[in-house]
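Read off the chains here:
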Amino acid sequence: MKKSKSAYLFILPYMSMFLLFLVLPTLTGFYLSFTDYNGVNFGDESWVGLTNYINLIDKNSFYFSDFWKSMLITFRFCLLIVPACIFVPLFFATLINSLKRGKKAVKAMFYLPAILSVAGVAAVGTWVFDQKYGVINYVLSLFGHEGIRWLSDPVTATLSIALLTLWWSIGGNLIIYLAALSGINTDMYEAADIEGASSATKFFKITIPSISPQLMFTTIMTTIATLNIFGQSQILTKGGPNYSTRTMVMYINDTAFGPLQAAGQAAAMGIVFGLIIIFITMPHFRKVLKEI
Amino acid sequence: MKKILAFVILFGLVLTGCSSDATTEVTTIDFWNPFSGPDGQVFDGIVQAFNEEYEGIYEVKTQTIADEYYEKITTTSQTGEGPDASIMHVDQVPVFAENDMIVPWTDEDLNAMNISTSDYDENIEQAMYYNNELYDIPFDVHAAGWYVNTDLIPEDQIPTSYEEFRELALAEPLVEDTYNVCMPAGMWVAYDIFLQNDVPVMSEDGSTAEFNTAEGIKAYENYMELVNSDTTQTPGDDCNQMFTLGEVGMTSDGPWMAADFDTGNINYKFIPLSSTFGEGTKFWASSHTFVKYNKDLTPEEEDAINAFVGFAIENSLMWVEANQIPAISKVKDSDEVQNDPLLGELAKDTEDFTFYPLLPTTQALTENIGVCTDSIFLGQTSVEDGLSQCSQLITDQSAIILNEE
């Protein structure tokens, strides 16, 4: 293919935005992580070297305990949300794929929550999990249960956010799986039928391996998204009760813009957290790229 | 044809370049406010009235920011794109003053507004100053109070003292299948518990939280006795929802909730929170204030800001429509406000309004005291442990804030 200089012109707008809104802020954040920047007077900050990073591993530091507690809370969300956001959409995608009629309508129904903003999602959440008139407690009341104070207890508050995130995210992965399932060669299923394979065998021996790149991709993307969870906690529980749902991004936000105004410290937290995300996801990304 | 088209486009551009803004002498100021609810419409009405009165001279362009109001002010101010003046909650003043983002009002400013600091009650006047500089001019004062369902709690049963409140809270329901009192929680409740039991909250220099004392623990334990009683609701229940449905006789919130309660067709009255959590009469209050930002403003823009603030305060009776009590005494003490069906009782008791102390560490107190005492309220931690952890958190944060200055 003949190389064309005009190709650079076409990618220039995107590259400009990429540099301006991703690279430049990242580099600026990296610089600020070595300063005592307070988030207000840019230019007045002083160089503090590795202090902000040391604070994250020094047990005597004010930030140590809350930083790792937020990390734990975030990983707890990951353990709850990621498997659910993979297996549940996969289950429904498999069912929808076998529908003869109404596929499009069902697809749209599942995808609809994905177009909501996080504020809209949280608004739905406050209705669903309302202690007196929420949908879930209403269903429980039909079985004689007095209802659960969903947002007042650390365990149920965490569960509420996880369920809400699942409902919000299910559509995106479902669409990917449906596309992947429709691309599987049906000859393999016919051959399996001839061999007398059960549905479970076909699913685990044909379906799963055939869509493994998509599974891997969605796992990585869902993991990254869940590690960055913020809006649902911020709006639904404000990190409560008693900071039990304060995720890492929330804690970074509070550190930068809260009473401490420690934006430099928050920048260091962001860098460390970003490196952890890269460390977790990069090996899997490499594997996906190899298989594609 | 092409030449005609080019000429038309060029002519249009020339006309656009000759916009009227370049030739009029109207001074425009950018004013931000956080009134995203029904009160926003009332405030817009005040702005509109000002713009009509000063048409051709000044124009206020107001922007209502619903979320992350102070974060957006902070961010935009760094690039000079922030507001010229804005509404600010009084407890936010120290942060913005410490960072030189807002500037003090001068005597000339006050003269231009036709107001004086002595036009305010003493407790309100004190909240205008930070580090002995006048940074904020109060527009209103607001506080939480008790909403009393008068169908469930007869007039003669409405508590007027601490003992009467405890008696009512611990009594069997006056009406079957209801609770007399829905025990509140949150930032102002914690503050009121300490205020009304003479427990110091913060040291004078703002370095230390001082409520973790035997008196503070005792005060909170007395409060928790009511919370844990079978005669009050289970912690975590939505008190306001229960009040709207006629399931509780009393719930606590600010006058801004009145519109929500009106949907429940409840007959209610709104009374101050005095002597609820202790013998003391003081209770938490806040204020929406006018502040001016550290920008290179022209003398005309300064005049415009002063004119608007003066106008808004002069006409602050309009603000009663938003269920807010005007702060300036001549309006606050007027018959219209004192006899207002919702605000009247509270307006008569403004001498008991107590603002958070204006210290460099105020935010450490306000951001944490409600969250960390909620764990006590919800039974997740004991009073002793909860107050200990809470005071330590606030003290530690205060230490960092003060070290950074």
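A quick note: this is a predicted structure, and the numbers were derived from the prediction, not measured.

Undergrad: Which residues make up the confidence of the model for chain B, and what are the values?
TA: If pLDDT is low for a region, its predicted coordinates should not be looked at in detail. Predicted confidence across chain B gives a mean pLDDT of 92, with 94% of residues reaching 70 or more. Two summary scores accompany this predicted model of the complex, namely pTM at 0.86 and ipTM at 0.79.

Undergrad: Please set out the packing of aromatic side chains residue by residue, giving values where relevant.
TA: In this description, an aromatic ring pair is defined by two values, namely the gap between the centres and the angle between the planes. All names here are of chain B. A full pass over the atoms with the stated rule returns 46 aromatic pairs over all chains. Ring centres 6.2 Å apart and planes at 55° place the aromatic pair Tyr-147 and Phe-243 in the tilted group. One end of the pair, Tyr-147, is in strand E8 (residues 145–149); the other, Phe-243, is in helix H10 (residues 239–244), with 96 residues separating them in the sequence. Each member of the pair, Tyr-147 as well as Phe-243, carries the same accessibility label: buried. Note on Tyr-220 and Tyr-223: the rings are 5.6 Å apart at their centroids and 80° apart in plane angle, and the pair reads as edge-to-face. With Tyr-220 and Tyr-223 both in helix H9 (residues 214–227) and three residues apart, this pair spans about one turn of that helix. Judged by its relative accessible area of 3%, Tyr-223 falls in the buried class. One aromatic cluster in this structure is built from Phe-31, Phe-35, Phe-43, Phe-50, Tyr-54, Tyr-58, Phe-139, Phe-290, Phe-308, Phe-311 and Trp-319.

Undergrad: With reference to specific residues and values, describe the packing of helix H4 (residues 103–111) of chain A against helix H7 (residues 154–182) of chain A.
TA: All names here are of chain A. One can describe the packing of H4 onto H7 by two numbers: an axis separation of 7 Å at closest approach and a directional angle of 145°. Listed contacts from H7 to Lys-107, Phe-110 and Tyr-111 of H4 are Ile-170, Gly-171, Gly-172, Leu-174, Ile-175 and Leu-178. Of the residues in the contact of H4 with H7, the class split is six nonpolar, two polar and one charged.

Undergrad: Residues and numbers for the sheet that holds strand E9 (residues 179–181) of chain B, please.
TA: All names here are of chain B. Ordered by their spatial adjacency, four strands build an open sheet running E9-E10-E8-E11, and the pairing between neighbours is mixed. Only two strands of the sheet have a single partner each, and these edge strands are E9 and strand E11 (268–272). Taken pair by pair, the neighbouring strands of this sheet meet at an average axis angle of 30°, ignoring direction. Alignment of E8 against strand E10 (residues 248–253), held across four bridges, turns out to be antiparallel. Across the sheet, the residue bridging to Tyr-147 is Thr-251, located in E10.

Undergrad: Quick one: what's the story with the packing of helix H3 (residues 62–97) of chain A against helix H10 (residues 212–227) of chain A, residue by residue and with numbers?
TA: Residues and elements named next belong to chain A. Two numbers describe how H3 lies on H10: the axes approach to 9 Å, and their chain directions differ by 145°. The interaxial crossing formed by H3 with H10 has right-handed handedness. Contacts from Thr-74, Phe-75, Phe-77, Cys-78, Ile-81, Val-82, Cys-85, Ile-86 and Leu-90 of H3 reach H10 at Leu-215, Thr-218, Thr-219, Thr-222, Thr-223, Thr-226 and Leu-227. Here the residues of the contact of H3 with H10 sort into ten nonpolar, six polar and no charged.

Undergrad: Give a description of unusual backbone geometry that names residues and reports values.
TA: In this structure, Pro-241 of chain A follows Gly-240 of chain A across a cis peptide bond, with omega equal to -5°. By the secondary structure assignment, Pro-241 of chain A is in the loop between helix H11 (231–236) and helix H12 (248–257). Backbone geometry at Asn-114 of chain B places phi at a positive 65°, although glycine is not the residue there. Tracing the sequence through the fold places Asn-114 of chain B in the loop between helix H5 (107–113) and helix H6 (122–126). The exposure class of Asn-114 of chain B is exposed, given its relative accessible area of 63%.

Undergrad: Quick rundown of the nonpolar core? Include the residues and the values.
TA: A general tendency of soluble globular proteins is for nonpolar side chains to be buried together. Counting 174 residues, the largest nonpolar core has Ile-137, Phe-211, Tyr-220, Tyr-223 and Phe-290 of chain B as its most contacted members. Take this core: its biggest share by element is ten residues, from H3 of chain A. Once residues within four sequence positions are removed from consideration, Phe-211 of chain B is found in contact with Phe-194, Val-199, Pro-200, Val-201, Gly-216, Ile-217, Ile-369, Leu-387, Cys-390, Ser-391 and Ile-394 of chain B. Residues Val-121, Phe-129, Trp-150 and Leu-164 of chain A belong to the second largest nonpolar core, which totals 14 residues.

Undergrad: If you had to explain H10 of chain A to someone new, which residues and values would you point to?
TA: Here H10 of chain A spans 22 Å end to end across 16 residues, near enough to the 22 Å set by a 1.5 Å rise per residue. Every buried residue of H10 of chain A is accounted for by Leu-215, Thr-218, Ile-220, Thr-222, Thr-223, Thr-226 and Leu-227 of chain A.

Undergrad: Pulling in residues and values, what's your account of a nonpolar patch on the surface?
TA: On the surface, a nonpolar cluster with roughly 890 Å² of combined accessible area is contributed by Tyr-8, Phe-10, Ile-11, Tyr-14, Met-15, Phe-18, Leu-19 and Leu-22 of chain A. Note on placement: Phe-18 of chain A falls in helix H1 (residues 6–32).

Undergrad: Quick one: what's the story with the environment of Phe-270 of chain B, residue by residue and with numbers?
TA: Residues and elements named next belong to chain B. Relative to the elements of secondary structure, Phe-270 occurs in strand E11. Expressed as a C-alpha distance, the spacing of Phe-270 and Ser-252, which sit 18 residues apart in the sequence, is 9.2 Å. Excluding residues within four positions of it along the chain, Phe-270 makes contact with Ala-143, Ala-144, Gly-145, Trp-146, Tyr-147, Asp-253, Gly-254, Pro-255, Leu-342, Glu-345 and Leu-346.

Undergrad: Give a detailed account of the interface of chain B and chain A, specifying residues and quantitative values.
TA: Each partner contributes residues to the interface: chain B has 30 residues there, and chain A has 24 residues. On the chain B side of the interface with chain A, the three residues burying the most area are Gln-78, Asn-99 and Ile-400 of chain B, jointly 21% of the side's total. Our count for the contact surface shared by chain B and chain A stands at one salt bridge. For Arg-149 of chain A, the salt bridge is made with Asp-237 of chain B, and the minimal N-O distance between the two is 2.7 Å. Linking chain B with chain A are ten residue pairs in polar contact (both at pLDDT 80 or more). For the side of chain B that touches chain A, the elements supplying multiple residues, two or more each, are helix H3 (69–77), H10, helix H16 (362–377) and helix H17 (383–403) of chain B.

Undergrad: Describe the state of the cysteines, and please don't skip the residues or the numbers.
TA: All names here are of chain B. Tallying each qualifying case throughout the model produces two disulfides over all chains. The partner cysteine of Cys-182 in its disulfide is Cys-239, sulfur to sulfur 2.0 Å. Between Cys-182 and Cys-239, the S-S dihedral sits near -85°, and the bridge is therefore left-handed. One end of the pair, Cys-182, is in the loop between E9 and helix H8 (187–195); the other, Cys-239, is in helix H10, with 57 residues separating them in the sequence. Residue class for Cys-182 comes out buried when judged on its relative accessible area of 0%. Bridging Cys-372 to Cys-390, the disulfide has an S-S length of 1.9 Å. One end of the pair, Cys-372, is in helix H16; the other, Cys-390, is in helix H17, and 18 residues separate them in sequence. Overall, Cys-390 belongs to the buried group, its relative accessible area being 0%. Across chain B, the disulfide pattern expressed with sequentially numbered bonded cysteines is 1-2, 3-4.

Undergrad: Would you mind going over the layout of surface pockets in detail, with residue names and values included?
TA: Its boundaries defined by the atoms lining it, the second largest pocket holds a volume of some 1100 Å³. Surrounding the second largest pocket, 29 residues form its lining, Pro-25, Thr-26, Thr-28, Gly-29 and Ala-267 of chain A being those nearest its centre. Looking at the lining of the second largest pocket, the elements that each hand over two or more residues are H1, H12 and helix H13 (263–291) of chain A together with H3 of chain B. Among the elements that take part in the lining of the second largest pocket, H13 of chain A stands out by supplying nine residues, more than any other. Among the residues forming the lining of the second largest pocket, the class breakdown is 17 nonpolar, twelve polar and no charged.

Definitions and cut-offs
Residues numbered from 1 in each chain as written. Chains lettered and ligands numbered in written order. Predicted model: local features only at pLDDT ≥ 70, side-chain atom pairs only at ≥ 80, totals over all residues. Heavy atoms only, no water. pLDDT = per-residue confidence, 0-100. Phe/Tyr/Trp six-rings, centres within 6.5 Å; stacked < 30°, edge-to-face > 60°. Helix = DSSP H or I, 4+ residues; strand = E, 2+ residues; numbered from the N terminus. Buried < 20%, exposed > 50% of the residue type's maximum accessible area, 1.4 Å probe, protein only. Axes fitted to C-alpha atoms, helices over the stretch in contact; angles between N-to-C directions. Contact = heavy atoms within 4.5 Å. Nonpolar A, V, L, I, M, F, W, Y, C, P; charged D, E, K, R; others polar. Pairing = 2+ DSSP bridges. Left-handed = near helix turned anticlockwise from the far one by under 90°. Core = buried A, V, L, I, M, F, W, Y, C linked by side-chain atoms within 4.5 Å. Expected span 1.5 Å × (residues − 1). Patch = residues over 30% accessible without salt bridge, like charges linked within 9 Å, V, L, I, M, F, W, Y side chains within 5 Å. Areas by Shrake-Rupley, 256 points an atom, 1.4 Å probe, with all protein chains shown as cover. Salt bridge = Lys/Arg side-chain N within 4 Å of Asp/Glu carboxyl O. Buried area = accessible area lost by both parts, 1.4 Å probe. Polar contact = N/O pair within 3.5 Å; in protein donor to acceptor, adjacent residues only side chain to side chain. Disulfide = S-S within 2.5 Å. 1 Å grid on protein atoms, 1.4 Å probe; cavity = no way out; pocket = protein on both sides within 12 Å on 5 of 7 lines; lining within 4 Å. Points joined across faces, edges and corners; volume = space filled by probe spheres on them.

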